[in-house]
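Understanding the architecture of this molecule
Chain by chain, the residues run as shown.
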Amino acid sequence: MIEMIDLHKSFGPKVVLNGLSLRVGEGDTVALVGFSGAGKSVALKHIVGLLQPDMGTVRVDGTDVPSLSRPDLYELRRRVGYVFQFAALFDSMTVAENLAMGLIKHGGFSKDEIEERIADSLERVELEGYEENFPAELSGGQRKRAGLARAIAFGPKYLLYDEPTSGLDPVTTTVIDRLILKMRDELGVTSLVITHDMDSAYCISDRIAMLYDGRVLQEGTPEEIRRSQHPVVKGFVEGRPELVEEGSGGMRIFANTPASRRRI
Amino acid sequence: MTARTATWARPFAAVGRSAGGFFAAFGRFGTFFVEMLRSLRDVGTWVPLLVGQMRHLGVDSIPIALFLAAFTGIVLALQASYTFTGAVPLYFVGALVGKTMILELGPVLSGLALSGRVGANIAAELGTMRVSEQIDALETLAYNPVAYLVVPRVLAGILMFPVIVIFANAIGIVAGWITAINLLQMSTDDFIRGLRLFYEPFDITFSLIKATSFGLVVTAVGCFEGFATKGGAEGVGRSTTRAVVISSMLILVFDAFWAVVLLQP
Ligand SMILES: Nc1ncnc2c1ncn2[C@@H]1O[C@H](COP(=O)(O)OP(=O)(O)OP(=O)(O)O)[C@@H](O)[C@H]1O
Ligand SMILES: [Mg+2]
């Protein structure tokens, strides 16, 4: 179970998270949606301790992440797979070596098992045959899938996806969506998925939460979000800026800084 | 804030700010350094990477250091004979070449050359890894990035700089000797006599102490600047420049420091 409790985070004067609370139940897949720059990636980084909250906390499996000691934090990270928005592959290593990094650190895998898992993970993201390629030799979408393969390779209990399907073609998007579903259904993985793609969100998630103004504006089942009457949510899912503008009291949405502006 | 400061006070405020910035940076470097010492415990992470870095940062740097040393040796021999002509016996050329090479120019010139080659290389590589979130990715895969990236580089610097400097000293002296016998009509015996004249075993120790400290400075500053990189390609460029400038300055500061501490009668 992942719980974000009243998270606050600012960078200098810029308030990004302003009381974000969100719970991902055991075995659930939750989609986190929101405007570009709303702070979704920032929220996700708090879960594995890449960022420290100014206030509030994150709990994974009931343990308080910000107060973990280094060894305990690494222990936690062995149970969490993180898919970076821009893949973040190690560019001095081949794809196979990238995947091996997590497997080696996880411990308990023999050499053969590591190879087997690398092949299996690459197959899942449809990247067979790219083991020996360097990241620079891959397309953007391929890199993204290699990053995804790296996160799933060591069999984590939690998966955090930062826009796993942005920049992929429709067919590959469906493949990845199915992969996310399979991780839940076959392996019981608990996932938090950041996405801009509402179709994906409806398809893969048990619940959807919309991040706006530094906190969760609305959370519900895909059906509830689809039928939301909140103008901002409705405007977002239907892609209608005029609704959002109306719902946010005329504030420009793409400035993305409503919370910080109010403080000035 | 700035608007409130009276005109006359502004220069002082600026000095205060940059001094504050200096101490803040110093504090951050201190924290980084302590983190590095702590990460030494993570033996399993850095040991397998050490040899690769020793080769990459050390062995591959030998050619440039030798190139520099050879030309320095030639110039030293010629300048010595030019200065000494008539006044001092010619075999003093050997003394001057040996002493200067070992005590000062071998370590310092190699250090400066390596701050350009090694320091810039480290800062650019780690800076790129920082801005492309590869360092965060290491974290999420449960690696300690300091143990994985910083410790092997800094240890490689500490271990390999002395080796490079030994080679540089030797080549500088050999180049001086070749110059002396070919251009200065000196005999090998004369040159060696000069070389031995003021030689102290401590000279080598001194040279190696310097080299070790320069190895530490160049690699640690490179790693620090790389890790502190912010904001894209421009940020990487900035870090690289800062790494070279700061480590070059620190090399000269340490150079003076060791002279004051170890050479004062
Ligand atoms: N390290 C940082 N330093 C300063 N500001 C930051 C930092 N990281 C994020 N921000 C700011 O926080 C805000 C939220 O960023 P974040 O990356 O979380 O957006 P996002 O919701 O993931 O957007 P997108 O959908 O475009 O990826 C942005 O305005 C960004 O400028
Ligand atoms: Mg993002």
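Since the structure is predicted, the reported quantities are computational estimates derived from the model, not experimental observations. (Residues numbered from 1 in each chain as written. Chains lettered and ligands numbered in written order. Predicted model: local features only at pLDDT ≥ 70, side-chain atom pairs only at ≥ 80, totals over all residues. Heavy atoms only, no water.)

1. As for the interface of chain B and chain A
What counts is decided by this rule: Residue contacts follow a heavy-atom distance rule, with two residues in contact if any of their heavy atoms lie within 4.5 Å. Summed over both partners, buried area is the accessible surface (1.4 Å probe) that two parts give up on being assembled. Salt bridge, as applied in this entry: a Lys or Arg side-chain nitrogen positioned within 4 Å of an Asp or Glu carboxyl oxygen. Polar contacts, as counted here, are pairs of nitrogen or oxygen atoms within 3.5 Å of one another; within protein the pair requires one atom able to donate a hydrogen and one able to accept it, and residues that are adjacent in sequence qualify only if both atoms are side-chain atoms. In DSSP terms, a helix is any run of H or I states spanning at least four residues, a strand is any run of E spanning at least two, and both are numbered starting from the N terminus. Note on residue classes: Ala, Val, Leu, Ile, Met, Phe, Trp, Tyr, Cys and Pro are nonpolar, Asp, Glu, Lys and Arg are charged, and everything else, Gly too, is polar.
Contact with chain B, which involves 17 residues of that partner, is made by 21 residues of chain A. Carbon and sulfur atoms make up 58% of the area that chain B and chain A hide from each other, which totals about 1700 Å². For the salt bridge of A:Arg77 with B:Glu139, the shortest nitrogen-to-oxygen distance reads 2.3 Å. For the interface between chain B and chain A, the tally reads 5 residue pairs in polar contact (both at pLDDT 80 or more). Element by element, the count of residues in the side of chain B that touches chain A is highest for helix α5 (residues 134-140) of chain B, at 6 residues. Class assignment for the residues of the side of chain B that touches chain A results in 8 nonpolar, 5 polar and 4 charged.

2. So, the pairing of strand β2 (residues 14-24) of chain A
Residues and elements named next belong to chain A. Filter applied, for reference: Note on classification: 1.4 Å probe, protein chains only; a residue is buried when its accessible area is under 20% of the maximum for its type, exposed when over 50%, partly exposed between these limits. Should DSSP find at least two bridges between two strands, the strands are taken to pair.
Burial within β2 is extensive, with 8 of its 11 residues counted as buried. Where strand β1 (residues 2-11) and β2 come together, 8 bridges link them in antiparallel fashion. Of the residues in β2, the one forming a bridge with Leu 7 is Leu 20. Joining the antiparallel neighbours β1 and β2 is a turn of 2 residues, in which Gly 12 adopts a positive phi near 60°.

3. Some thoughts on the coordination of the magnesium ion (ligand 2)
Octahedral metal centres with six donors ideally show angles of 90 or 180 degrees, and tetrahedral centres with four donors ideally show 109.5 degrees. Residues and elements named next belong to chain A. The test is simple: Only N, O and S atoms count as donors, using a 2.8 Å limit from the metal and a wider 3.2 Å limit for Na, K and Ca, and since water is excluded some coordination spheres may look unfilled.
Here the magnesium ion (ligand 2) is held by Ser 41 (OG) and Gln 85 (OE1), and the distances to it run 2.0 to 2.2 Å. With a gap of 44 residues between them, Ser 41 in helix α1 (residues 40-47) and Gln 85 in the loop between β6 (80-83) and α3 (95-106) connect regions that are remote in the sequence. An identical accessibility class is assigned to Ser 41 and Gln 85; each is buried.

4. Focus on the confidence of the model for chain B
The line we're drawing: Residue-level confidence of the predictor, termed pLDDT, takes values from 0 up to 100.
Scored by pLDDT, chain B has a mean of 92; 98% of the residues are at 70 or more. Among the prediction metrics, the complex's ipTM stands at 0.90, with pTM recorded as 0.89.

5. A look at unusual backbone geometry
For residues other than glycine, phi is negative in most cases, and the peptide bonds are mostly trans. One non-glycine residue, A:Asp213, lies in the positive phi region at around 60°. Turning to its location among the elements, A:Asp213 is positioned in the loop between β9 (207-212) and β10 (215-220). A:Asp213 gets classed as buried once you look at its relative accessible area, which sits at 19%. The phi dihedral of B:Ala142 is positive, around 70°, even though this residue is not glycine. With respect to the element layout, B:Ala142 can be found in the loop between α5 and α6 (145-183). Accessibility expressed as a relative area gives 2% for B:Ala142, which makes it buried.

6. Digging into the pattern of salt bridges
Summed over all chains, the structure comprises 26 salt bridges over all chains. Residue A:Arg70 pairs with B:Glu139 through a salt bridge whose shortest N-O separation is 3.8 Å. Taken together, the residues span two chains, with A:Arg70 in helix α2 (residues 70-77) and B:Glu139 in helix α5. Take A:Arg70: its relative accessible area is 37%, and that puts it in the partly exposed class. For B:Asp136, the salt bridge goes to B:Arg130, with nearest N and O atoms at 3.7 Å. Relative accessible area serves as the criterion here: at 15%, B:Asp136 is assigned to the buried category. Its relative accessible area of 25% is what places B:Arg130 among the partly exposed residues. Within the structure, one salt-bridge network assembled from shared partners comprises A:Glu26, A:Asp61, A:Arg79 and A:Lys157.

7. Quick notes on the sheet that holds β10(A)
Residues and elements named next belong to chain A. As a reminder, the rule being used: Between the N-to-C directions of two axes lies an angle of 0 to 180 degrees, each axis being a line fitted to C-alpha atoms and, for a helix, fitted only over the stretch in contact.
Read across the sheet, 6 strands follow the order β6-β7-β8-β3-β9-β10 without closing on themselves; strand pairing throughout is mixed. Edge positions in the sheet fall to β6 and β10, since each has one partner strand and no second. For this sheet, the mean inter-axis angle between neighbouring strands, taken without regard to orientation, is 15°. As defined by bridge partners, β6 adjoins strand β7 (residues 158-162) across 4 bridges and the pair is classed as parallel.

8. A few points about helix α9 (residues 231-238) of chain A
Residues and elements named next belong to chain A. Looking only at α9, the buried set comprises Val 232, Val 233, Gly 235, Phe 236 and Val 237. Residues of α9 that are buried make contact with β3 (29-34), α7 (198-204), β9, β10, α8 (222-226) and α10 (241-247). Taken from the residues just after α9, Gly 239 is the one with a positive phi, measuring 65°.

9. Considerations on the sheet that holds β1(A)
Residues and elements named next belong to chain A. Read across the sheet, 4 strands follow the order β2-β1-β4-β5 without closing on themselves; strand pairing throughout is antiparallel. Because the sheet does not close on itself, it has two edges, and the strands there are β2 and β5 (63-64). Each of β1, β2 and β4 (55-60) is contacted by α1, which is oriented at about 120° to β1, the strand it contacts most.

10. Re the nonpolar core
This is how it is decided: Nonpolar core, defined: a set of buried Ala, Val, Leu, Ile, Met, Phe, Trp, Tyr and Cys residues in which side-chain atoms within 4.5 Å join the residues together.
Judged by nonpolar contacts, the single largest core of 102 residues is most densely connected at A:Met4, A:Ile47, A:Leu160 and A:Leu192. Counting residues per element, this core draws most heavily on α6(B), which supplies 9 residues. With near-sequence residues (within four places) excluded, A:Leu192 lies in contact with A:Met4, A:Leu22, A:Val24, A:Val30, A:Leu32, A:Leu44, A:Ile47, A:Leu159, A:Leu160 and A:Tyr161. Core analysis: the next-biggest nonpolar cluster, separate from the first, contains 18 residues, B:Ala69, B:Ala80, B:Phe84 and B:Phe191 among them.

11. Things to note about the environment of A:Asn18
Residues and elements named next belong to chain A. Tracing the backbone shows Asn 18 in strand β2. On the basis of relative accessibility, which here comes to 15%, the residue Asn 18 falls in the buried class. Distance in space between the C-alpha atoms of Asn 18 and Leu 7 is 6.4 Å, their sequence separation being 11 residues.

12. Here we look at a negative patch on the surface
Formally: Patches draw on residues past 30% relative accessible area with no salt bridge. Two like charges within 9 Å are joined, as are two nonpolar side chains (Val, Leu, Ile, Met, Phe, Trp, Tyr) within 5 Å. Shrake-Rupley sampling with a 1.4 Å probe provides the accessible areas, and residues are treated as covered by the protein chains on show and by no other component. Within this scheme the basic residues Lys and Arg register as positive and the acidic residues Asp and Glu register as negative, but His and the chain ends are omitted. By convention, the point assigned to a charge is CZ for Arg, NZ for Lys, CD for Glu and CG for Asp.
On the surface, A:Asp112, A:Glu113, A:Glu115 and A:Glu116 cluster together into a patch of negative charge. Following the sequence through the fold, A:Glu113 ends up in helix α4 (residues 111-124).

13. Side note on the packing of helix α2 (residues 43-58) of chain B against α6(B)
All names here are of chain B. Rules: Note that the term roughly parallel is reserved for angles under 35 degrees, roughly antiparallel for angles over 145, roughly perpendicular for angles of 65 to 115, and oblique for everything else. Crossings are assigned a handedness: left-handed for a near helix turned anticlockwise from the far helix by less than a right angle, right-handed for a clockwise turn.
Two elements in contact, α2 and α6, have axes whose closest approach is 8 Å; the angle formed by their N-to-C orientations is 45°. Regarding the angle of α2 to α6, the classification is oblique. The chirality of how α2 crosses α6 is right-handed. Note on element contacts: α6 touches α2 through Ala 147, Tyr 148, Val 151, Pro 152, Arg 153, Leu 155, Ala 156, Leu 159, Met 160 and Ile 164, opposite Thr 45, Trp 46, Leu 49, Leu 50, Gln 53, Met 54, Leu 57 and Gly 58. Looking at the contact of α2 with α6, its residues break down into 14 nonpolar, 3 polar and 1 charged.

14. A few points about a nonpolar patch on the surface
All names here are of chain B. Taken together, Phe 67, Phe 71, Ile 74, Val 75, Leu 78 and Leu 183 make up a surface patch of nonpolar side chains, about 550 Å² in accessible area. The element best represented in the nonpolar patch is helix α3 (residues 62-84), accounting for 5 residues. Note on placement: Phe 71 falls in helix α3.

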